Amino acid sequence: MSELQTDVAAAMRRVQEQVETVIIGKHETVEMALVTLLVGGHLLIEDIPGVGKTTLAKTLAQSLGCAFKRIQFTPDLLPADITGTSIYNQKTQEFSFMPGPIFAQVVLADEINRATPKTQAALLECMEELQVSEGGITHPLPRPFFVIATQNNIEHAGTYQLPEAQMDRFTMRVRLGYPSLEQEIRILNSQVQSHPLVNVKPVLDAPTLVDLQDQVRRIVVAPLLQKYITEVVAATRKSDQVEIGASPRGSLALMHAAQAQAAMAGRKYANPDDVKRLAPFVLAHRLILSAEARAHGMEDVTVIQKILTQVPVPTV
């Protein structure tokens, strides 16, 4: 095992251990969040209320040692409340830009689907181009820049569905689900006197995280594996159960996620197993299912899983 990959694997293991002192029994979900972090992407946590979406986001942010801001999305939130605005300074008789809470390294967009589409759209440029344009001037966002958004996928009263363009900006979508009986007992025991979040310590800092992200891009992705990735994504566009399939942004996200997964496993190269494991998390939320598939109650994850059984796996 090379020293490069050992550094990534060891660092992510420390973060995961910290997060799992709070988020109990959700090892794979936490791991997917860390993969998203390593590729410099953004994470959507989607599930019912009360299963720990916001807690996972806060715990992850607290363990990274990065500048953190939380934005509570509500119907009256305005785009300038997120990105910032120019204010006239009477002393200098000039306008000066006052940065909004998006100017942080880890941003929690809590209940993102409760804001209006206009406000949601304020995040598009931030998430894709890592910048804010205001008054004809472009302001770069800090690096690393990691948006963690949460939304309730069941109750839609008073919410605004995220548009496809915005869903496509999220590298991964994860769900927590209910804990098992034993896990729920452990959760109760951990919070008898205080919340374990108060004991979470930073185990990384921003410069180290940026270095780890740069290292991940050196992981080898063989031409055969690149072909496999594109075939899986192309299959989403041809499926009878899909109205609109994943775009090339999905292919790139899947490739980079496979690099991060390999680095976390201590390998110098990505393999087909990485792609097969990650594809439901990376691709499912990018699909628009056909009316027939929706009428039959089919889920986007199920479509991806079916495609993975149909596309031949290369020997890399």
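Data block above holds the structure.
Within each chain, residues carry numbers counting from 1 in the order of the written sequence. Residues qualify for local features only when their pLDDT is at least 70, as the model is predicted, and side-chain atom pairs are given and counted only at 80 or more; totals for whole chains, interfaces and linings, by contrast, use all residues. Neither water nor hydrogens contribute to the side-chain values; these are computed over all heavy atoms in the structure.

J.: Just checking my understanding: could you explain the overall build of the protein chain for this structure?
T.: Helix numbers and strand numbers start at the N terminus; a helix is a DSSP run of H or I with at least 4 residues, a strand a run of E with at least 2. A count of helices and strands for the protein chain gives 14 helices and 11 strands. A globule of 316 residues ought to have a C-alpha radius of gyration of about 20 Å, and the protein chain, at 20 Å, matches this closely. In terms of principal-axis extent, the alpha carbons of the protein chain reach across some 70 × 45 × 40 Å. Each residue gets one of three labels from its accessible area relative to the maximum for its type: buried under 20%, exposed over 50%, partly exposed in between, using a 1.4 Å probe on protein chains only. Going through the 316 residues of the protein chain one by one, you find that 52% of them count as buried. Across the protein chain, contacts joining residues at least 24 apart in sequence account for 78% of those joining residues at least 6 apart. Between the two quantities, the radius of gyration covers C-alpha atoms and the globule rule is 2.2 Å times the number of residues to the power 0.38. Here a residue-residue contact requires only that any non-hydrogen atoms of the pair lie within 4.5 Å.

J.: Quick question: what am I supposed to make of the environment of I229 here?
T.: For I229, the location among the structural elements is in helix 10 (residues 223-238). In the structure, I229 is positioned 54 residues away from R175 in sequence and 23 Å away in space, judged by C-alpha atoms. If we skip the residues at most four places from it in the chain, I229 touches S251, L254, M255 and V275.

J.: Could you clarify how one ought to interpret the packing of aromatic side chains in this entry?
T.: To describe a pair of aromatic rings, you give the distance between the ring centres and the angle between the ring planes. Centre distance within 6.5 Å is the pairing criterion for rings of Phe, Tyr and Trp, where only the six-membered ring of Trp is used; planes under 30 degrees apart are then read as stacked, over 60 as edge-to-face, and the remainder as tilted. Scanning all chains against the criterion turns up 2 aromatic pairs. Judged by centre distance (5.8 Å) and plane angle (65°), the ring pair of F97 and F103 falls under edge-to-face. Exposure remark for F97: the relative accessible area of 19% places this residue in the buried category. Here, a charge over a ring means that NZ of Lys or CZ of Arg falls within 6 Å of the ring centre while also lying within 35 degrees of the ring normal. Here the guanidinium or amino end of R267 rests over the ring plane of Y269, the centre of that ring lying 5.9 Å away.

J.: Looking at this structure, how should I read the sheet that holds strand 1 (residues 43-46)?
T.: Sheets are built from strands paired through backbone hydrogen bonds, the pairs being either parallel or antiparallel. Within the open sheet, the 5 strands sit side by side as 2-5-8-1-9. Their pairing is parallel. Lying at the two open borders of the sheet, with one neighbouring strand each, are strand 2 (68-72) and strand 9 (172-174). The mean angle between the axes of side-by-side strands here comes to 20°, regardless of whether they run parallel or antiparallel. Both strand 1 and strand 9 contribute to a ladder of 3 bridges, which runs parallel. The residue of strand 9 that forms the bridge with I45 is V174. Seen against the sheet, helix 2 (residues 27-38) touches strand 1, strand 8 (146-151) and strand 9 and runs at an angle of roughly 160° to strand 9. By definition, two strands form a pair when at least two bridges between them are found by DSSP. Each axis is a line fitted through C-alpha atoms, and for a helix only the stretch in contact is used; angles between axes span 0 to 180 degrees, taken between their N-to-C directions.

J.: Hey, could you run me through the pattern of salt bridges in this one?
T.: Opposite charge on two side chains lets them pair, provided their charged atoms get close. Whenever a carboxyl oxygen of Asp or Glu lies within 4 Å of a side-chain nitrogen of Lys or Arg, that contact is scored as a salt bridge. Inspection of the entire model under this criterion finds 14 salt bridges. Within the structure, one salt-bridge network assembled from shared partners comprises E128, D168, R169, R249 and R286.

J.: Could you clarify how one ought to interpret the nonpolar core in this entry?
T.: The nonpolar side chains of soluble globular proteins are, as a tendency, buried together. We define the nonpolar core as a collection of buried residues of types Ala, Val, Leu, Ile, Met, Phe, Trp, Tyr and Cys that are connected through side-chain atoms lying within 4.5 Å of one another. Ranked by size, the top nonpolar core spans 74 residues in total, and within it M12, M172, L278 and L283 carry the most contacts. It is helix 11 (residues 248-264) that provides the largest number of residues to this core, a total of 9 residues.

J.: Help me out: how do you make sense of the state of the cysteines in this one?
T.: In protein chemistry, a disulfide is the covalent bond that joins the sulfur atoms of two cysteines. Throughout, disulfides are identified as pairs of cysteine sulfur atoms within 2.5 Å of each other. Following the criterion strictly, the structure yields 0 disulfides and no others. Of the cysteine sulfurs around C66, a residue in no disulfide, the closest is that of C126, at 17 Å. Residue C66 is classed as buried on the basis of its relative accessible area of 10%. For C126, a relative accessible area of 1% gives the class buried.

J.: Teacher, can you tell me more about the side chain of D274 here?
T.: Note that D274 resides in helix 12 (residues 272-283). With near-sequence residues (within four places) excluded, D274 lies in contact with A258, Q261, A262, R267 and Y269.

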